[in-house]
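Structure at a glance
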Amino acid sequence: MDGIETRDVVVIGGGPAGLAAALGAKRAGAEDVLLIEREKRLGGILNQCIHDGFGLFLYGESITGPEYAERLAEEAVREGIRMETGAMVLDLAPDRLLRVNARSGYRLIQASTVVLAMGCRERTREMIEIPGTRPAGIFTAGSAQNLVNLQNVRVGNEAVILGSGDIGLIMARRLTFEGIAVKGVFEIMPWTNGLERNVRQCLIDFGIPLELSTTVVEVKGRDRVESVVVAAVDGDLKPVRGSEREVRCDTLLLSVGLIPENELSKRAGVELSALTGGALVDETLMTSVPGIFSCGNVLHIHDVADFASHEGFEAGAFAARFARDELPAAGKVRVTPGVNIRYCLPQSLRPGTAGAELNFRVTRPLRGCRVTATGRSSGKVYFRKKYGRLLPSELQKIRIRPAVDEDIEVACHE
Amino acid sequence: MSDASPADRMTCILCPVGCELEVRRSGRGLDVQGHQCEKGIGFATEEVLYPKRNLATSVPVQGSETRLVSVRLSDRVPREMIFPVLREIARLRPAAPVRRGQVLIADVLGTGVDVIATRTVE
């Protein structure tokens, strides 16, 4: 044997999805599982999410992010999973050769299977192109969360939050607790992007105004933010002339969306979806590159960590089966989004798959609607369910019980 | 919905499903609609009559490279107790090591609820 290290399953990322993937692989019989985490501490972004509301599905109780992370990491330690922190995967080749910069130095690892669980990044000011000056005091909501919750830094005195994503809502309450006045949350869409429970307990409880169909059109201030200009937007999301209003603040938090972090996936030649920003996968969560699986926020953005973990357990278990050659290559039937559906995932199924679990998000709030999955050639209805209300902020899961052997379309009709 | 019986609309926050509830006062009790599970009735009753919340923050920890230890309450307290409890928590300066679940203030302000650490600090 030459000196190259080999592993059955390598998981990249030690957050809620990656830890679960490592556990899923181990429990499905993989002997040799290695998890690689860039940070010193396992848990990923859970560590800075000190609010409660985690674990309702996985543990049946409401706990905080750090508790959830520690519990999951402790399970992984108990089950003898090898985990390296402070180690970064520099490159991933299509044949699953990893180049890793670890505490012990640089090395190569040849993996039978790889599970991608790198999570996501936040959209920045540059990505949404807010005009104005470039002063200090502009943070993404998550970086402010890291500074306040982990580093004991006071980010400012008066804040405005742009975007109503969950982290922004959580931070509105967190800043209020720290004695920082939150002047308002402004959301460009006519509906909120966060979970309703966060609107209630983070904004309404503290009288923080939420203004929909409103955005920040200018940042003012030379060295530090002095104010922002907000304006109403029309149906095309364009600012309405004459509706501008100046709001004094020294801090602007951006909670304007998350983007799966797929730099390594691209290096490996993994095909990505323009709709999710993550890999195209089949029902085994395998990407277009055989033996490379994806789960959690690197695959698509989840509302709650529990669902990212759920996906991790699944991806890990399938990776273990692939490592044992129990997951033969197969053709695929396509799953495509129809009317009112922003995306569905997985994007393909192995022909003949029964009981497939599908995730989907709607494009806009819908009331009194019916979701269907229909065969594109036969017109057969594989799934049908009525919903009182569906929101874009809520990821939905359905199960297609019959075996599917043709392309299907998922649609939502009001 | 009729104008004659104004309803308090709220979203159940006990789980991420977030049922939209409509709560009307009927006689001495409450009439709740829109819940998908039984928890919704209890939630609406509590939310209208005596709302409760948990809270989370973090406090400086001494004798460790880790700067802060995050804390929460062992159970929810009446919503109006949030800021009084936060002021009590702000006085904490626990020394490392701190264990997850360790009680840092027992029965804070007589609420019957403890302030507990939510992470381990070596």
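All residue numbers refer to position in the chain's written sequence, counted from 1. To label them, take the chains in the order written and letter them from A, then take the ligands in the order written and number them from 1. Totals for whole chains, interfaces and linings use every residue, but because this is a predicted model, local features are given only for residues with pLDDT of at least 70 and side-chain atom pairs only at 80 or more, for both listing and counting.

1. Describing the overall build of chain A
What counts as a helix is a DSSP run of H or I of at least four residues, what counts as a strand is a run of E of at least two, and both are numbered from the N terminus. A tally of regular secondary structure across chain A gives 8 helices and 27 strands. At 22 Å, chain A has a C-alpha radius of gyration in line with the 22 Å of a compact globule built from 414 residues. Oriented by its inertia axes, the alpha-carbon framework of chain A measures out at about 65 × 60 × 40 Å. Counting the 414 residues in chain A, one finds 50% classified as buried. The contacts in chain A between residues at least 6 apart in sequence include a share of 65% that link residues at least 24 apart. Values of the radius of gyration come from C-alpha atoms, whereas the globule rule sets the reference at 2.2 Å times the count of residues to the power 0.38. Exposed residues have 12 or fewer other C-beta atoms within 10 Å of their own C-beta, buried residues have 20 or more, and partly exposed residues fall in between, where C-beta atoms are placed from the backbone. Once C-beta atoms have been placed from the backbone, residue pairs whose C-beta atoms lie within 7 Å are recorded as contacts.

2. So, the interface of chain B and chain A
Where interface size is given, it is often the accessible area lost as the parts come together that is meant. Listed by partner, the interface residues are 23 residues for chain B and 22 residues for chain A. Secondary structure elements with two or more residues in the side of chain B that touches chain A: β1 (8-11), β5 (56-60) and β6 (68-73) of chain B. In terms of residue count, the dominant contributor to the side of chain B that touches chain A is β5(B) (4 residues). Three residue categories are used. Nonpolar comprises Ala, Val, Leu, Ile, Met, Phe, Trp, Tyr, Cys and Pro, charged comprises Asp, Glu, Lys and Arg, and polar comprises the others, including Gly. Class assignment of the residues belonging to the side of chain B that touches chain A gives a composition of 8 nonpolar, 8 polar and 7 charged.

3. A short note on the environment of D250(A)
Residues and elements named next belong to chain A. You can see D250 is positioned in the loop between β16 (245-248) and β17 (251-254). The class of D250 is partly exposed, set by 19 C-beta atoms lying within 10 Å. Look past the residues within four positions of D250 in its chain and what remains in contact with it is G137, G156, N157, E158, R224 and V225.

4. Concerning the domain arrangement of chain A
All names here are of chain A. The domain architecture assigned to chain A consists of domain 1 (1-122 + 258-329), domain 2 (124-256) and domain 3 (331-414). Residue ranges labeled as domains rest on an automatic or database domain assignment. Computed over C-alpha atoms, the centres of domain 1 and domain 3 are 26 Å apart. Tallied by class, residues from the side of domain 1 that touches domain 3 come to 4 nonpolar, 4 polar and 3 charged.

5. Quick look at the sheet that holds strand β15 (residues 227-232) of chain A
Residues and elements named next belong to chain A. A sheet is described by the order of its strands in space; here 3 strands give the open sequence β14-β15-β16, paired in antiparallel fashion. In this open sheet, the two edge strands, each paired with only one partner strand, are β14 (214-220) and β16. Put simply, the sheet's adjacent strands are angled 35° from each other on average, direction ignored. Between any two strands, at least two bridges found by DSSP are needed for them to pair. Alignment of β15 against β16, held across 4 bridges, turns out to be antiparallel. Pairing of V228 across the sheet is with V247, part of β16. With axes taken as lines fitted to C-alpha atoms, and helix axes fitted only over the stretch in contact, angles between N-to-C directions fall between 0 and 180 degrees.

6. What about the sheet that holds strand β26 (residues 396-400) of chain A?
Residues and elements named next belong to chain A. Reading across the sheet, the 3 strands line up as β21-β23-β26 and stay open at both edges, with antiparallel pairing between neighbours. The sheet terminates laterally at β21 (341-345) and β26, the two strands that pair on one side only. Mean inter-strand twist for the sheet, computed between neighbouring axes without regard to direction, equals 30°.

7. What to know about helix α6 (residues 196-203) of chain A
Working note: α-helix, 3.6 residues per turn, so residues spaced by three or four point in the same direction. With 6 of 8 residues buried, α6(A) is to be regarded as a mostly interior element. Contacts made by the buried residues of α6(A) are with α5 (166-177), β12 (181-186) and β13 (210-211) of chain A together with β1 and β4 (52-53) of chain B.

8. Side note on the domain arrangement of chain B
Taken domain by domain, chain B consists of domain 1 (8-49) and domain 2 (56-117). Distance between the C-alpha centres of domain 1 of chain B and domain 2 of chain B: 30 Å.

9. Quick look at the confidence of the model for chain B
Across the chain, each position has a pLDDT score giving the predictor's confidence in that residue, from 0 to 100. Within chain B, residue pLDDT values average 89, and 94% of them lie at 70 or more. For this predicted complex, the interface confidence comes out at an ipTM of 0.90, alongside a pTM of 0.92.

10. As for the packing of helix α4 (residues 141-150) of chain A against α5(A)
Residue and element names in this part refer to chain A. Two elements in contact, α4 and α5, have axes whose closest approach is 9 Å; the angle formed by their N-to-C orientations is 35°. Viewed along their axes, α4 and α5 form a crossing whose handedness is left-handed. Note on element contacts: α5 touches α4 through I167, G168, M171 and R174, opposite A141, G142, A144, Q145 and V148. Looking at the contact of α4 with α5, its residues break down into 5 nonpolar, 3 polar and 1 charged. Helix crossings get a hand from a simple test, with the near helix turned counterclockwise from the far one by less than a right angle marking a left-handed crossing and a clockwise turn marking a right-handed one.

11. Topic: the environment of F83(B)
Residues and elements named next belong to chain B. Tracing the backbone through its elements, the reader meets F83 in helix α2 (residues 82-90). Look at F83 and you get partly exposed, because 13 C-beta atoms sit within 10 Å. Sequence separation between F83 and L55 is 28 residues, and the spatial gap between their C-alpha atoms is 9.7 Å.

12. Thoughts on the nonpolar core
Residues and elements named next belong to chain A. Think of a nonpolar core as buried Ala, Val, Leu, Ile, Met, Phe, Trp, Tyr and Cys residues, each tied to the set through C-beta atoms within 7 Å. Formed by 108 residues in total, the largest nonpolar core has its most connected members in V9, V115 and L116. At 11 residues, the largest contribution of residues to this core is made by helix α8 (residues 305-323). With residues up to four places along the chain from it excluded, the contact list for L116 reads I12, L264, S265, A279, I292, F293, S294 and V298. Counting 34 residues, the second-largest nonpolar core is a separate cluster that includes A144, V160, L252 and V256.

13. Some words on the packing of helix α1 (residues 16-27) of chain A against helix α2 (residues 65-78) of chain A
Packed helices, taken two at a time, are described by the angle between their axes plus the distance between the axes. Residue and element names in this part refer to chain A. As a packed pair, α1 and α2 sit with axes 9 Å apart at the nearest point and diverge in direction by 20°. In terms of their interaxial angle, α1 and α2 are classed as roughly parallel. Our pair here, α1 against α2, has a crossing hand that is left-handed. Taking contact as the criterion, the partners of P16, L19, A20, A22 and L23 in α1 are, on α2, Y68, L72, A73, E75 and A76. By residue class, the composition of the contact of α1 with α2 is 9 nonpolar, no polar and 1 charged. Note that the term roughly parallel is reserved for angles under 35 degrees, roughly antiparallel for angles over 145, roughly perpendicular for angles of 65 to 115, and oblique for everything else.

14. Considerations on unusual backbone geometry
Geometrically, the link from L345(A) to P346(A) is a cis peptide bond, its omega value of 5° lying close to zero. For P346(A), the position within the fold is in the loop between β21 and β22 (348-349). With omega at 0°, the peptide bond leading from A96(B) into P97(B) counts as cis. You can see P97(B) is positioned in the loop between α2 and β8 (103-105). The backbone of R96(A) shows a phi angle near 70°, a positive value even though the residue is not glycine. As for its position among the elements, R96(A) is in the loop between β6 (88-92) and β7 (97-102). The residue L285(A) is not glycine, and still its phi comes out positive at about 65°.

15. Quick look at α2(A)
To estimate how far a helix should extend, the number of its residues minus one is multiplied by 1.5 Å. Across its 14 residues, α2(A) extends 20 Å between first and last C-alpha, which sits within 8% of the 20 Å expected from 1.5 Å per residue. Next to the buried residues of α2(A) lie α1, β3 (52-54), β4 (63-64), β5 (82-84) and α8 of chain A together with β6 of chain B. Just downstream of α2(A), G80(A) is the residue with a positive phi angle, here 70°.

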